[in-house]
Amino acid sequence: ILRKGETRELRVVKRENLSGHDLSKQNIGAANLRGALMVRTNLRDASLEGADLRSAKLVSSNLRGARFVNADMRDANLSRSDMTDAVFSYADLSGVNFRGAKFRGAEFRSADLHNANLKGMDLRGAWFNETNLRGADMMSADLQGTSLINANISYASLRNANLRRSALRGAD
């Protein structure tokens with residue numbers, strides 16, 4: 001386990017309990033965190049690029065500014081977590097539970113969010129360019145100022161969503 005101030009890479013901690021740990025600004029890299037329990041974990045500004053987070057439980061965690069580029073997060077639980085300004089480019093987020101999470105300014109460029117539950121989420125200013133949102137539930141979500149350029153929004157539920165000042169060029 002990484003301690004505050006350490007910068008070494010964390011590689012394999014499959015099904016580990018990292019709840020309550022401060023892993024802020026750590027380079028966790030392509031760690032195997034599949035099924036890990038990370039309740040109230042501080043991952044602010046951490047790098048988890050290429051990490052395996054399938055079925056991980058990052059509930060009520062601080063993920064502000066964290067980088068999840070190319071991460072596999074299928075079926076993870078990120079409910080009530082703060083992901084403001086986090087980067088999820090090219091990540092697989094299909095089937096993820098985002099209930100009660102904060103995403104303001106987050107980047108999801110070319111990510112896979114098909115069938116994701118984003119119902120009622122605050123997604124203001126988020127980037128979903130070239131993202132797969134097929135079948136996603138974005139009902140009543142605040143998408144004001146969001147970029148959805150070339151995003152796949154087929155079969156997505158956008159009923160009562162706020163799309164004011166959003167870029168939708170090429171979205172289908």
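Preceding this section is the structure that the text describes.
Residues numbered from 1 in each chain as written. Predicted model: local features only at pLDDT ≥ 70, side-chain atom pairs only at ≥ 80, totals over all residues. Heavy atoms only, no water.

## Description of the overall build of the protein
- A tally of helices and strands in the protein yields zero helices and zero strands.
- Relative to a compact globule of 172 residues, whose C-alpha radius of gyration would be 16 Å, the protein shows 15 Å and is just as compact.
- If one aligns the C-alpha atoms of the protein with their principal axes, the spans along those axes are about 45 × 20 × 20 Å.
- Counting over 172 residues, the protein shows a buried share of 46%.
- Look at the contacts in the protein between residues 6 or more apart in sequence, and 0% of them connect residues 24 or more apart.
- Carbon together with sulfur atoms contributes 42% to the accessible area of the protein, which is approximately 8000 Å² in total.
- Computing the positive centroid from 27 side-chain charges and the negative centroid from 19, the protein places the two 4 Å apart. (Helix = DSSP H or I, 4+ residues; strand = E, 2+ residues; numbered from the N terminus. Rg over C-alpha atoms; globule rule 2.2 N^0.38 Å. Buried < 20%, exposed > 50% of the residue type's maximum accessible area, 1.4 Å probe, protein only. Contact = heavy atoms within 4.5 Å. Areas by Shrake-Rupley, 256 points an atom, 1.4 Å probe, with all protein chains shown as cover. Lys, Arg positive; Asp, Glu negative; His and termini not counted. Charge placed at Lys NZ, Arg CZ, Asp CG, Glu CD.)

## What to know about the pattern of salt bridges
- Under the defined criterion, the tally for this structure stands at ten salt bridges.
- The closest approach of N and O atoms between arginine 124 and aspartate 122, which form a salt bridge, is 2.6 Å.
- Residue arginine 124 is classed as partly exposed on the basis of its relative accessible area, which comes to 27%.
- A residue is classified by how much of its surface remains accessible, and aspartate 122, at 25% relative accessible area, is partly exposed.
- One salt bridge connects aspartate 142 with arginine 124, and the closest N-O pair in it is separated by 3.6 Å.
- Here the residues in one salt-bridge network are Asp52, Arg54, Asp72, Arg74 and Asp92, joined through shared partners. (Salt bridge = Lys/Arg side-chain N within 4 Å of Asp/Glu carboxyl O.)

## Some details on the nonpolar core
- Among the nonpolar cores identified, the biggest contains 50 residues, and Leu53, Leu93, Phe98, Phe103 and Leu133 are the most heavily contacted of them.
- Ignoring any residue separated from it by four or fewer positions in sequence, one finds leucine 53 in contact with Leu33, Met38, Leu48, Leu58, Phe68, Asp72, Met73 and Ala76. (Core = buried A, V, L, I, M, F, W, Y, C linked by side-chain atoms within 4.5 Å.)

## Quick look at the packing of aromatic side chains
- As enumerated under the stated definition, the model contains five aromatic pairs in all.
- Ring geometry for phenylalanine 88 against phenylalanine 108: centres 5.0 Å apart, planes inclined by 5°, an arrangement best described as stacked. Of the two residues examined, phenylalanine 88 and phenylalanine 108, each falls in the buried class.
- An aromatic cluster is present here, built from Phe68, Phe88, Phe98, Phe103, Phe108 and Phe128 joined pairwise through their rings. (Phe/Tyr/Trp six-rings, centres within 6.5 Å; stacked < 30°, edge-to-face > 60°.)

## Focus: the environment of leucine 133
- When its relative accessible area of 0% is taken as the criterion, leucine 133 is described as buried.
- In this structure the C-alpha to C-alpha distance between leucine 133 and serine 166, which are 33 residues apart in sequence, comes to 15 Å.
- In this structure leucine 133 touches Leu113, His114, Leu118, Phe128, Met138, Leu148, Ala151, Asn152, Ile153, Ser154 and Ala156, once residues within four positions along its chain are discounted.

## What to know about the environment of alanine 111
- Overall, alanine 111 belongs to the buried group, its relative accessible area being 2%.
- Beyond its immediate sequence surroundings of up to four residues, alanine 111 is in contact with Phe88, Tyr90, Ala91, Leu93, Thr131 and Asn132.

## Considerations on the side chain of serine 79
- Owing to a relative accessible area of 4%, serine 79 belongs among the buried residues under this scheme.
- A polar contact is formed between the side chain of serine 79 and the side chain of asparagine 77, at a distance of 2.8 Å.
- Setting aside anything within four residues of it in sequence, one finds serine 79 in contact with Leu58, Val59, Ser60, Asn97, Phe98 and Arg99. (Polar contact = N/O pair within 3.5 Å; in protein donor to acceptor, adjacent residues only side chain to side chain.)

## Comments concerning unusual backbone geometry
- Even without being a glycine, aspartate 45 presents a positive backbone phi close to 60°.
- Despite not being glycine, tyrosine 155 has its phi angle at roughly 65°, a positive value.
- By relative accessible area, tyrosine 155 is classed as exposed at 67%.

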